[in-house]
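Letter by letter, the chains look like this.
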Amino acid sequence: MTDDVRFVRACIALSIAVFVLVFILALWIGRYPLELGDVIDYLTGSLPRSSNEYKVIDELRIPRTIIAALVGIGLGLSGLLYQETFQNNLVSPDFLGVTSGACVGAALAILLGLSAVMISVFAFVAGVVTVMLTLTLSKVFQNRSPTILLLSGIIIGGLMSAILSVIKYYADPESVLSSITFWLMGSCEHCTMNDVAVLLPIIACCSAILLAIRWRVNLVALGREEAQAKGLNYVAYRRLIIIMATLMTASSVSIIGSVGWIGLVIPHMVRLSVGRNTMNTIPLTILFGGVFMIVVDILSRSFTNSEVPLAAISGLFGTVIFIAIIYLRRRSIIESD
């Protein structure tokens, strides 16, 4: 066994340990005070079901912590897939317009006074439809270059942002506008096990497929000509990757709202640790993304008596981490330029 393989396995083992530790901390830390023993008793099944401690953990912290982990996994993997597939380390999960489209769907549902379930449904459908519009527009240009697809995503994303502005203009500033604004900033506050039941199968299936084909993602990242020269069906696999990234992003955003930086920062952190090989980066992105988002959720409910939006916390931490990554890689960036 080579030193590189040992190092990657050590990174994965350490990341699993950190993930478990952070998950337990998320069940322990919050505005309602709990003892660490209460969490241990809950996990071992010895905490009385009638106690307030059990209800706090089971009904509030377990659902939101699972959702936070799933969203971190989904957005982190989506960012990695887009960056590798389109050979651009600066793209994020929303570059095809999926996030802006989901925000339009959610804002429209809030404007119409629909239920929380319908807000999620509108957000998911609008996010998927937006990506379909982006793909359709890219075909109109009759150019298969990834750059054209990227530009199409920017165009459609800008259109969705304009539509969102119109919706916000017509929203009642006393009630509806504030609801739209808070949703757009992201929160796990109202997540339930029903949300887990919706999001878990999507993230789990997409993650399992990616783990199974992760060596093929390496070939897709080489570009069309090299991938086809190695016998890979480039078009089919790129389409599959885009579909999975879109499903994970749209479903994540539809549950908790728009949360930035995760899909941009996490892939860079992973590549800085173990290189670009997706055989290693995909499993580590799952762990890094889950840990990052759980920590963000812990901080969002621990600063004050009210929830701090997830977008604010992820933006603060994402900015600092990205600056550190650029500093650490400054020489390689200069050499590539």
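As the structure is a prediction and not an experimental result, all values here were calculated from the model.

**Student:** What is the right way to read the packing of aromatic side chains from this model?
**Tutor:** To describe a pair of aromatic rings, one takes the distance between the centres and the angle between the planes. Under the criterion given, the structure shown has five aromatic pairs. Ring centres of phenylalanine 19 and phenylalanine 23 lie 6.4 Å apart, and the angle between their planes is 25°; this geometry places the pair in the stacked category. Within this pair, phenylalanine 19 and its partner phenylalanine 23 are both found in helix α1 (residues 3-28), separated by four residues, close to a single helical turn. With relative accessibility at 18%, the residue phenylalanine 23 sits in the buried group. Residues tyrosine 42 and tyrosine 54 carry aromatic rings whose centres are separated by 5.2 Å and whose planes lie at 55° to one another, so their mutual orientation is tilted. Taken together, the residues tyrosine 42 in helix α2 (residues 36-44) and tyrosine 54 in helix α3 (residues 52-85) connect sequence positions twelve residues apart. A residue is classified by how much of its surface remains accessible, and tyrosine 42, at 15% relative accessible area, is buried.

**Student:** Which parts of the structure should I look at to understand the nonpolar core?
**Tutor:** In globular proteins that are soluble, nonpolar side chains generally tend to be buried together. Counting 72 residues, the largest nonpolar core has Ile67, Ile256, Met293 and Ile294 as its most contacted members. The biggest single contributor to this core is α3, with 15 residues. Sequence-distant contacts of methionine 293, that is, excluding residues within four places in its chain, are made with Ala68, Val71, Gly72, Ile256, Val259, Ile262 and Leu310. The next biggest cluster of nonpolar side chains, apart from the first, holds 19 residues, and it includes Ala107, Ala123, Met160 and Leu164.

**Student:** Would you mind showing me how to read the environment of leucine 43 here?
**Tutor:** Relative to the helices and strands, leucine 43 is located in helix α2. With 236 residues separating them in the primary sequence, leucine 43 and methionine 279 have C-alpha atoms 32 Å apart. With sequence-adjacent residues up to four places away left out, leucine 43 is seen in contact with Ile24 and Leu27.

**Student:** I would appreciate a short explanation of the environment of alanine 106 in the present structure.
**Tutor:** With respect to the secondary-structure elements, alanine 106 resides in helix α4 (residues 98-111). You can call alanine 106 buried: its relative accessible area is 0%. Between the C-alpha atoms of alanine 106 and alanine 116, which are ten residues apart in sequence, the distance is 9.3 Å. For alanine 106, the contacting residues outside a window of four places in its chain are Ile119, Ala123 and Trp183.

**Student:** Where do I start with the pattern of salt bridges in this structure?
**Tutor:** Where charged atoms from two side chains of opposite charge come close, those side chains can pair. Scanning the entire structure with this criterion turns up six salt bridges. Note that arginine 64 and aspartate 297 form a salt bridge whose closest N and O atoms lie 2.7 Å from each other. Taken together, the residues arginine 64 in helix α3 and aspartate 297 in helix α13 (residues 278-300) connect sequence positions 233 residues apart. Residue classification places arginine 64 among the buried residues on the basis of a relative accessible area of 6%. Its salt-bridge partner being glutamate 84, residue arginine 276 comes within 3.1 Å of it at the nearest N-O pair. One end of the pair, arginine 276, is in the loop between α12 (262-274) and α13; the other, glutamate 84, is in helix α3, and 192 residues separate them in sequence. With a relative accessible area of 4%, glutamate 84 lands in the buried category.

Definitions and cut-offs
- Residues numbered from 1 in each chain as written.
- Predicted model: local features only at pLDDT ≥ 70, side-chain atom pairs only at ≥ 80, totals over all residues.
- Heavy atoms only, no water.
- Phe/Tyr/Trp six-rings, centres within 6.5 Å; stacked < 30°, edge-to-face > 60°.
- Helix = DSSP H or I, 4+ residues; strand = E, 2+ residues; numbered from the N terminus.
- Buried < 20%, exposed > 50% of the residue type's maximum accessible area, 1.4 Å probe, protein only.
- Core = buried A, V, L, I, M, F, W, Y, C linked by side-chain atoms within 4.5 Å.
- Contact = heavy atoms within 4.5 Å.
- Salt bridge = Lys/Arg side-chain N within 4 Å of Asp/Glu carboxyl O.

Everything listed is a geometric property; what it means functionally is a separate question.
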